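# An overview of the molecular structure
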Amino acid sequence: MRNLFSVEGKVALVTGGSRGIGEMIARGYVENGAKVYISSRKANVCDGLAEELSKYGTCISLPFDLSNMDGITGLASALAEREDKLDILVNNAGATWGAPIDEYPEDGWDKTVDLNVKSIFFLTQKLLPQLRAAATHENPSRVINIASVNGIEPPALETYAYSTSKAGCIMLTRHLAKRLAPEHILVNAIAPGPFQSHMMAATLARAGDAIAKSNPRGRIGTPEDIAGVAIFLASRASAYTTGAVVPCDGGSAEF
């Protein structure tokens, strides 16, 4: 029963890993002994965080734009050049778009759904050789998709593509879990509530105190909260868990 929550020595890739929830997860993995690759579309930000996190362990920047197939293929190829095996893939890169229902634009819909659902499927697909190479019966490899509580309960905000795409992410997680379990690849999702992130910045600036007060825990999420769930889903402790959606929202699915 010892070391149930260890990720030491594992190789991980965290997309959208240069800020927000992705940064929180990447930092948690690095500080607990994993070799972590982070990716985001802004190379200077990705490089800067990798340099900072390398003070605490091993973190390598692989900047790519995952909103298109060229970026997805490029990231998969760049990782394959460096690693034969991948223990943990965290699909965190995402986008949102808000607009009144009568004005909601097609380009905002497409951008959000492509990044939040399409990129998860195709990046996972292209990294299957490395995930399969790492997977064993006793020590499965892991795919962790970052969904949202907005994919479980509709939000008050007019972010139609976001909530729809996160619901899609949850079903994709379950579908992939069923297909890949026999290959010893576990696929789970985390559904975060409010955290301090770029995506939530405007909402928290406008109504952060009210959101925290209305939450059963009386606060928004901290880096330790999300990193803890991500470490659980990447460790021996969750080796019999697949197709699960773990809310990390303080007990409230609405904000």
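Notes on the structure follow. As the structure is a computational prediction, the values presented were derived from the model and not from experiment.

### Observations concerning the overall build of the protein chain
When its secondary structure is counted, the protein chain shows 8 helices and 7 strands. Relative to the 2.2 N^0.38 estimate, which gives 18 Å for 255 residues, the radius of gyration of the protein chain is 17 Å and therefore close to what a compact globule would have. Judged by the C-alpha coordinates and their principal axes, the protein chain covers about 50 × 40 × 40 Å. Going through the 255 residues of the protein chain one by one, you find that 49% of them count as buried. If you take every contact in the protein chain between residues at least 6 apart in sequence, the share linking residues at least 24 apart comes to 72%. Of the roughly 11,900 Å² of accessible surface on the protein chain, a fraction of 52% belongs to carbon and sulfur atoms. Taking the average place of the 24 positive charges on the side chains of the protein chain and the average place of its 27 negative ones, the gap between the two points comes to 6 Å.

### Side note on a positive patch on the surface
Taken together, the side chains of Arg 19, Arg 41, Lys 42 and Lys 111 make up a positively charged region of the molecular surface. Mapped onto the elements of the fold, Lys 42 is located in the loop between β2 (35-39) and α2 (43-53). On the accessibility criterion, Lys 42 (38% relative accessible area) is partly exposed.

### Structural notes on the packing of helix α1 (residues 20-31) against helix α8 (residues 223-234)
At a minimum axis distance of 8 Å, the contact between α1 and α8 shows a crossing angle of 60°. Put simply, α1 runs oblique to α8. Where α1 crosses over α8, the two elements pack in a sense that is right-handed. On α8, the residues touching Ile 21, Met 24, Ile 25, Gly 28 and Tyr 29 of α1 are Pro 223, Ile 226, Ala 227, Ala 230, Ile 231 and Ala 234. The residue inventory of the contact of α1 with α8, partitioned by class, reads 10 nonpolar, 1 polar and no charged.

### As for α2
Listed in full, the buried residues belonging to α2 are Cys 46, Leu 49, Ala 50 and Leu 53. The buried residues of α2 occupy an angular sector of 100° when projected down its axis, which confines them to one face. With respect to the buried face of α2, the exposed residues turned more than 90 degrees away are Asn 44 and Glu 51.

### So, helix α4 (residues 106-126)
For the α-helix, the turn length of 3.6 residues means that residues three or four positions removed from each other point alike. In the structure, α4 departs most strongly from a straight axis at Asp 114, where the bend amounts to approximately 40°. Every buried residue of α4 is accounted for by Gly 108, Thr 112, Leu 115, Asn 116, Val 117, Ser 119, Ile 120, Leu 123 and Thr 124.

### Focus: the nonpolar core
Counting residues in hydrophobic clusters, the biggest one holds 33 residues, and the most contacted among them are Leu 13, Leu 86, Leu 89, Leu 123, Leu 127, Leu 131 and Ile 185. Within the residue set of this core, elements represented by two or more residues are β1 (11-15), α3 (69-82), α4, α5 (128-134), α6 (160-180) and β6 (185-192). In this structure Ile 185 touches Leu 128, Leu 131, Arg 132, Ala 135, Ser 141, Val 143 and Leu 180, once residues within four positions along its chain are discounted. Val 36, Leu 53, Ile 144 and Ile 146 belong to the second largest nonpolar core, which has 30 residues in total.

### A closer look at the pattern of salt bridges
Pairing between side chains of opposite charge can happen when the charged atoms of each approach one another. In the structure shown here, the tally under the stated rule is 6 salt bridges. Ionic pairing is found between Glu 23 and Arg 27, a salt bridge with its closest N-O pair at 3.2 Å. Here Arg 27 and Glu 23 lie together in helix α1, a separation of 4 residues that amounts to about one turn. Residue classification places Glu 23 among the partly exposed positions, given a relative accessible area of 21%. Overall, the relative accessible area of 21% leaves Arg 27 in the partly exposed class. Between Glu 81 and Arg 82 there is a salt bridge whose closest N-O contact spans 3.9 Å. The class for Arg 82 is partly exposed, based on a relative accessible area of 44%. Among the charged side chains, a network of salt bridges with common partners joins Glu 23, Arg 27 and Glu 52.

### Points about the pairing of strand β4 (residues 88-91)
Burial along β4 is two-sided: Ile 88 and Val 90 and Leu 89 and Asn 91, pointing in opposite directions, are all buried. Here 3 bridges tie β1 to β4, and the two strands are oriented parallel to one another. In the sheet register, Leu 13 faces β4, and the bridge partner there is Leu 89. Bridge analysis of β4 against strand β5 (residues 141-146) gives 4 bridges, and the strand direction is parallel.

### A closer look at the sheet that holds β1
For sheets, the rule is that strands pair by backbone hydrogen bonds, running either parallel or antiparallel. Taking strand neighbours across the sheet as the criterion, the 7 strands line up as β3-β2-β1-β4-β5-β6-β7 in an open arrangement whose pairing is parallel. Edge positions in the open sheet fall to β3 (58-61) and β7 (245-248), since each of these has one partner strand only. With strand direction ignored, the average angle separating the axes of adjacent strands in the sheet is 20°. Each of β1, β2, β3, β4, β5 and β6 is contacted by α1, which is oriented at about 165° to β1, the strand it contacts most. Most of the contacts of α8 go to β6, to which it runs at about 165°, and overall it touches β4, β5, β6 and β7.

Scoring rules and cut-offs
Residues numbered from 1 in each chain as written. Predicted model: local features only at pLDDT ≥ 70, side-chain atom pairs only at ≥ 80, totals over all residues. Heavy atoms only, no water. Helix = DSSP H or I, 4+ residues; strand = E, 2+ residues; numbered from the N terminus. Rg over C-alpha atoms; globule rule 2.2 N^0.38 Å. Buried < 20%, exposed > 50% of the residue type's maximum accessible area, 1.4 Å probe, protein only. Contact = heavy atoms within 4.5 Å. Areas by Shrake-Rupley, 256 points an atom, 1.4 Å probe, with all protein chains shown as cover. Lys, Arg positive; Asp, Glu negative; His and termini not counted. Charge placed at Lys NZ, Arg CZ, Asp CG, Glu CD. Patch = residues over 30% accessible without salt bridge, like charges linked within 9 Å, V, L, I, M, F, W, Y side chains within 5 Å. Salt bridge = Lys/Arg side-chain N within 4 Å of Asp/Glu carboxyl O. Axes fitted to C-alpha atoms, helices over the stretch in contact; angles between N-to-C directions. Parallel < 35°, antiparallel > 145°, perpendicular 65-115°, else oblique. Left-handed = near helix turned anticlockwise from the far one by under 90°. Nonpolar A, V, L, I, M, F, W, Y, C, P; charged D, E, K, R; others polar. Arc of directions from axis to C-beta. Bend = angle between axes of the 7 residues up to and from the residue. Core = buried A, V, L, I, M, F, W, Y, C linked by side-chain atoms within 4.5 Å. Pairing = 2+ DSSP bridges.

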